[in-house]
Amino acid sequence: MRSLEQITQEALCLPDAQRLLLLEKIRESLGLEVDEINQNLWIIEAQRRRDEINNGTVIAIDGEKALAQVRKLIDL
């Protein structure tokens, strides 16, 4: 049996049109609308980021400090 990683790699090698068709078939099989898919993807991403903070993989910084750092990078 192929792993999810193997299936993913095979799917990513498909031409764009076939990947879009595969995406549509998966969406239909889940009974989700595009907005629901996007919402679920953001929930998964938020949970991943929360877990990274909780397990110490990343360190959270204050929002104002983050914006200051971004502005500094942009001004370079």
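Throughout, residues of each chain are indexed from 1 in the direction in which the sequence is written. In keeping with the predicted nature of the model, local features appear solely for residues at pLDDT of at least 70, side-chain atom pairs appear and are counted solely at 80 or more, and the whole-chain, interface and lining totals rest on all residues. With hydrogens and water set aside, each side-chain value is computed from the structure's full complement of heavy atoms.

A.B. asks: Please give an account of the pattern of salt bridges that cites residues and values.
C.D. replies: Any two side chains of opposite charge can pair, on the condition that their charged atoms come close. By definition, a salt bridge exists where a carboxyl oxygen of Asp or Glu is found within 4 Å of a side-chain nitrogen of Lys or Arg. A full pass over the atoms with the stated rule returns 7 salt bridges. Note that arginine 49 is salt-bridged to glutamate 45, the shortest N-O span being 2.7 Å. With arginine 49 and glutamate 45 both in helix 3 (residues 34-54) and 4 residues apart, this pair spans about one turn of that helix. To sort residues, take the accessible area from a 1.4 Å probe on protein chains only and compare it with the maximum for the residue type: under 20% means buried, over 50% means exposed, and anything in between is partly exposed. What makes arginine 49 partly exposed here is its relative accessible area of 46%. When the shortest N-O distance is used, the salt bridge between glutamate 52 and arginine 48 registers 2.6 Å. One end of the pair, glutamate 52, and the other, arginine 48, are both in helix 3, 4 residues apart, so they sit about a helical turn from each other. What makes glutamate 52 partly exposed here is its relative accessible area of 21%. Counting from the N terminus, the helices are the DSSP runs of H or I reaching at least four residues and the strands are the DSSP runs of E reaching at least two.

A.B. asks: For the layout of surface pockets, give the residues involved together with the corresponding values.
C.D. replies: A pocket, in this scheme, is an open set of points on a 1 Å grid over the protein atoms alone with protein on both sides within 12 Å along at least 5 of 7 lines, while a cavity is a set where a 1.4 Å probe fits but cannot get out; residues line either one if an atom lies within 4 Å of a point. Grid points are joined across faces, edges and corners, and a volume is the space filled by probe spheres set on the points. Size it by volume and the largest pocket reaches roughly 330 Å³. Counting residues per element, the ones that place at least two in the lining of the largest pocket are helix 1 (4-12), helix 2 (16-30) and helix 3. Of the residues assigned to the lining of the largest pocket, the class counts are 10 nonpolar, 2 polar and 3 charged. Note on residue categories: nonpolar means Ala, Val, Leu, Ile, Met, Phe, Trp, Tyr, Cys or Pro, charged means Asp, Glu, Lys or Arg, and polar means any other residue, Gly included.

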